[in-house]
Amino acid sequence: MYFTKVEADASKAQCKECSKMLSLGSDKPKLQTVSGLKTHLASCHKELHGMYLKRAMDDDAERLAKKMKVKEKATKHSLPNFVQTSLTSMTDFKMVWPEDHVAVQRIDKCTMDLIIVDMLPYSIVEGDGFKRLNIDDPLSTHRYKVKSEKYYRTTLMPATYGKVLKHVINLLKEAAWISFTTDGWSNPTKSCSLLSFTAHFIHAAVRRKVILSAMVLEQDHDGHYLASKLREAIAKWGIAEKIHVGVRDNAANMKCAMKLAGVADIGCVSHTLQLVLHDALFTQTSVEAVIKKARKIVTHFKHSEQACRHLTEHQRTMNIPAHSLLQDVETRWNSTYLMLERLQEQSKAIHLFSVERGGIDSLSNAEWELAGKIVKLLKPFYTATLEICADDACISLVIPLVANLNSILKTISADQGLKQMKAALRDAMCRRFSDINSSAPYLAATLIDPRFKDSYCNVQEKMAATKAVLDFLRLVEESATSNLNVPATTLSTDSVDSDPANSKISHLDDDVDLWAAHDSLSATVDPPETANIKTHVVPLYEQQLNSYLKEPRMPLTTDIYAYWHCSQYPLLEAAARKYLSALPTSVASEQLFSAAGQLYDDRRSNLLGDNAEKLLFPNYNIRLFDFNY
């Protein structure tokens, strides 16, 4: 198959792959050997050698099977064969692993993980391609017997769900405080609606996210019904006493549901920013006209391969980055910002295309100028959105971000047209974020964040934040001392009533980034020690809080969860575990529904809501446990 005999010399064979002449040992067929040919394949043609070995093993297996059939027939009509079976024969005879073999269990688990994590239908194990896959060793005989679809659906999936559930329950028991996000979603066919419930808590030196529920909604999504589903989820997981705050969107039914469920709640900051920009910017006639025109330009290039090719040529000619144009989604303002920003970058190439090729209604000079102003205004909002939507973002970011956005809006130089947009944005920001500086979760989280502390608080706000933290720590100590039946630890010391001055944000230049004002903030200064000195018993946790606030702020790049895990203020760690557990957005729920959308593909369009929940629950949590469950 891999060699041909040389007619001129019967003792030689020629390799078909490299034409090399090899010796057979003799010109007489009975004395010839192929060991040299095998050695040549192994050293020079490894792929062919592997194919040769596989074929040889298959031939041996086939001969063994025929031999065994002959023996079975012979034993029916003759005495037992007492000839000792060789070790090789015994190994080949037991080629299929038993169901309790460790390799079989490992392969079954990996296949189940594949189905769950990659959102594949159970029917994949019935496909010809999967059956043809020799999982244990592609070059050896098949020892693993592929299971049926029914086995994975009715046996292994419930077992996997149970194991992941047990791990999640154990993890929740270790959590001191839990914040959650929730949101509603309907599948593309509108045949199923789900309500998400994701838990977030600080565990050791990291903040964990756990998918708890994707509850099926079978009634109208009014506040009373959503409240009952939230209470059901909280009771199911037994976390009522651990709930700190819930994060929801700004819909009226969600606000009502949180209130009726008796849960402290905050709105999604990303949604609020969306409303700010929609109210103040995207409703203006001139802005709407520019965006509409920009969409038409992008659509032209998206629908024409020839136009894209010519645009690439113009980019090369004008030494412009060869970037594709971006199409926006009308409900996502950040995509509109990216579309306009990319058009600004490619403006010269687009103008040249319009002059030479036509076919598009390019922006006028005034419209290009307006587009540039819009990009300039939106850039800090886009940066802020990226900050609050990060996986490790905390609500302690919100007050500083809003303060910096307002400062930037005040300091960006503008002509008459841009001045009107700035004024509208400032008014919308004040209206939409009017309550954050009076909200205990926001104030306490900012105070307990070592990057910010009280830098963004005035006197009243610092007092409110300090009171919220101290009241919580007092309850923690009372609970601990009542359990231990010992008096609370206190220290007698001289304390100073602090009266910090309002934090001031310095003026910014046009080209500075979102956090440019942060480093210029001056820390609040306590009054001189000679004034308002009082002597009274101060709890140790209050001493630690005062010491913590007097220290310099940590850099913006600080990992706040690692900071508190090994902090020199252990009594404050309880407050950090509570107030820093909350997220500023409901992005976690949106990520869950992105996975839900993958479930309802063409092969699972009729998936029931209950089954969707059972698949979504382990989908993320398996990866949380790094596939070890």
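Note that the structure is predicted; figures quoted are calculated from it, not measured. (Residues numbered from 1 in each chain as written. Predicted model: local features only at pLDDT ≥ 70, side-chain atom pairs only at ≥ 80, totals over all residues. Heavy atoms only, no water.)

Engineer: What am I meant to see in the overall build of the protein here?
Structural biologist: Of the regular secondary structure elements, the protein holds 23 helices and 11 strands. Residues counted as buried form 45% of the 629 residues belonging to the protein. Long-range contacts, defined as pairs at least 24 residues apart, comprise 69% of the intrachain contacts of the protein with a sequence gap of at least 6. (Helix = DSSP H or I, 4+ residues; strand = E, 2+ residues; numbered from the N terminus. Buried < 20%, exposed > 50% of the residue type's maximum accessible area, 1.4 Å probe, protein only. Contact = heavy atoms within 4.5 Å.)

Engineer: How do you make sense of the pattern of salt bridges when you look at a structure like this?
Structural biologist: Once the charged atoms of two side chains with opposite charge are near each other, the side chains can pair. Scanning all chains against the criterion turns up 19 salt bridges. Note that Glu305 is salt-bridged to Arg309, the shortest N-O span being 2.9 Å. One end of the pair, Glu305, and the other, Arg309, are both in helix α11 (residues 305-317), 4 residues apart, so they sit about a helical turn from each other. In this structure, a network of salt bridges that share partners links the residues Glu99, Asp108 and Lys147. (Salt bridge = Lys/Arg side-chain N within 4 Å of Asp/Glu carboxyl O.)

Engineer: Explain the packing of aromatic side chains here, please?
Structural biologist: For any pair of aromatic rings, the description rests on two quantities: the centre-to-centre distance and the angle between the ring planes. The tally for this structure, following the rule as stated, stands at 13 aromatic pairs. Arranged with centres 5.6 Å apart and planes meeting at 65°, the rings of Trp177 and Phe472 form a pair that is edge-to-face. You can see Trp177 sitting in the loop between α6 (149-174) and β4 (178-181) and its partner Phe472 sitting in helix α18 (residues 459-484), a full 295 residues away along the chain. By relative accessible area, which is 6% here, Phe472 ends up buried. Here the aromatic rings of Trp237 and Phe617 are separated by 5.9 Å at their centres, their planes lie at 25°, and the arrangement is stacked. Of this pair, Trp237 sits in helix α7 (residues 223-237) while Phe617 sits in helix α23 (residues 609-624); the two residues are 380 residues apart in sequence, bridging distant segments of the chain. Overall, the relative accessible area of 10% leaves Trp237 in the buried class. On the basis of relative accessible area, Phe617 is assigned to the buried category, the value being 2%. Within the aromatic cluster, the residues linked to one another by ring pairs are Tyr548, Tyr563, Trp564 and Tyr569. A cation sits over an aromatic face here: Lys147 above Tyr151, 5.7 Å from the ring centre. (Phe/Tyr/Trp six-rings, centres within 6.5 Å; stacked < 30°, edge-to-face > 60°. Lys NZ or Arg CZ within 6 Å of the ring centre and 35° of its normal.)

Engineer: Just to check I follow, could you spell out the side chain of Gln315 for this structure?
Structural biologist: Its place among the elements puts Gln315 in helix α11. The residues touching Gln315, leaving out its near neighbours within four places in the chain, are Ile320, Pro321, Ala322, His323, Gln346 and Ala349.

Engineer: Looking at this structure, how should I read the sheet that holds strand β1 (residues 3-5)?
Structural biologist: As a general point, the strands of a sheet are linked pairwise by backbone hydrogen bonds and lie either parallel or antiparallel. With antiparallel pairing, the 3 strands of this open sheet are ordered in space as β1-β2-β3. The open sheet has two edge strands, β1 and β3 (21-23), and neither has a second partner. Within the sheet, the average angular offset between the axes of one strand and its neighbour, ignoring direction, is 35°. Relative to β3, strand β2 (residues 12-15) is paired through 3 bridges, and the arrangement is antiparallel. Bridge assignment links Gln14 to a residue of β3, and that residue is Met21. Helix α1 (residues 35-44) contacts β1, β2 and β3 of the sheet and is inclined by roughly 150° relative to β1. (Pairing = 2+ DSSP bridges. Axes fitted to C-alpha atoms, helices over the stretch in contact; angles between N-to-C directions.)

Engineer: I keep staring at the packing of helix α15 (residues 398-411) against helix α17 (residues 440-448) and nothing clicks. Help me out?
Structural biologist: Packed helices, taken two at a time, are described by their axes: the angle between them and the distance between them. Contact pair α15 / α17: the axes reach a minimum separation of 8 Å and the direction vectors enclose 90°. The orientation of α15 relative to α17 falls into the category roughly perpendicular. Within the contact between the two elements, α15 uses Val398, Ile399 and Pro400 and α17 uses Tyr442, Leu443 and Thr446. Partitioning the contact of α15 with α17 into residue classes produces 5 nonpolar, 1 polar and no charged. (Parallel < 35°, antiparallel > 145°, perpendicular 65-115°, else oblique. Nonpolar A, V, L, I, M, F, W, Y, C, P; charged D, E, K, R; others polar.)

Engineer: Mind showing me how you'd approach the confidence of the model for the protein here?
Structural biologist: Looking at the protein, the pLDDT average stands at 82 and 83% of residues meet or exceed 70. Here residues 78-83 is a poorly scored stretch, pLDDT under 50, and it has 0 contacts once near neighbours within four places are set aside; other chains count. In this model residues 485-510 is a low-confidence stretch, pLDDT under 50, and it forms 77 contacts with partners more than four residues away in sequence or in other chains. (pLDDT = per-residue confidence, 0-100.)

Engineer: Just checking my understanding: could you explain the nonpolar core for this structure?
Structural biologist: Here is a general trend for soluble globular proteins: nonpolar side chains tend to be buried in one another's company. Formed by 95 residues in total, the largest nonpolar core has its most connected members in Leu343, Phe381, Met429, Val469, Trp564, Tyr579 and Leu580. Ranked by residue count, the leading element in this core is helix α14 (residues 365-388), at 11 residues. Discounting residues that sit within four places of it in the chain, Val469 has contacts with Ala444, Leu447, Ile448, Leu545, Ala575 and Tyr579. In this structure, Leu156, Ile178, Phe197 and Leu212 belong to the second largest nonpolar core, which totals 51 residues. (Core = buried A, V, L, I, M, F, W, Y, C linked by side-chain atoms within 4.5 Å.)

Engineer: Any chance you could explain the packing of helix α10 (residues 285-302) against α14 here in plain terms?
Structural biologist: In contact at an axis separation of 10 Å, α10 and α14 are set at 100° when each is read in the N-to-C sense. Regarding the angle of α10 to α14, the classification is roughly perpendicular. Contacts between α10 and α14 involve Ser286, Val287, Val290 and Lys293 from the first element and Glu367, Leu370, Ala371 and Ile374 from the second. The residue inventory of the contact of α10 with α14, partitioned by class, reads 5 nonpolar, 1 polar and 2 charged.

Engineer: Could you clarify how one ought to interpret the pairing of β2 in this entry?
Structural biologist: In regular strands, side chains alternate between the two faces of the sheet. In β2, alternate side chains face the same way, and those of Ala13 and Cys15 are buried while those of Lys12 and Gln14 on the opposite face are not. Pairing analysis gives 3 bridges linking β1 to β2, with the strands arranged antiparallel. Looking at β2, one finds that Thr4 is bridged to Gln14. Once β1 ends, the chain turns through 6 residues before running back antiparallel as β2.

Engineer: Honestly, the environment of Ser196 in this entry has me stumped. Any pointers?
Structural biologist: Looking at where Ser196 falls in the secondary structure, it is placed in strand β6 (residues 193-203). With relative accessibility at 0%, the residue Ser196 sits in the buried group. Separated by 12 residues in the primary sequence, Ser196 and Gly184 have C-alpha atoms spaced 6.4 Å apart. When near neighbours in sequence (up to four residues on either side) are disregarded, Ser196 contacts Thr181, Thr182, Asp183, Ser213, Ala214, Ser589, Leu592 and Phe593. Within the structure, Ser196 has its side chain in polar contact with the side chain of Ser589 (distance 2.8 Å). (Polar contact = N/O pair within 3.5 Å; in protein donor to acceptor, adjacent residues only side chain to side chain.)

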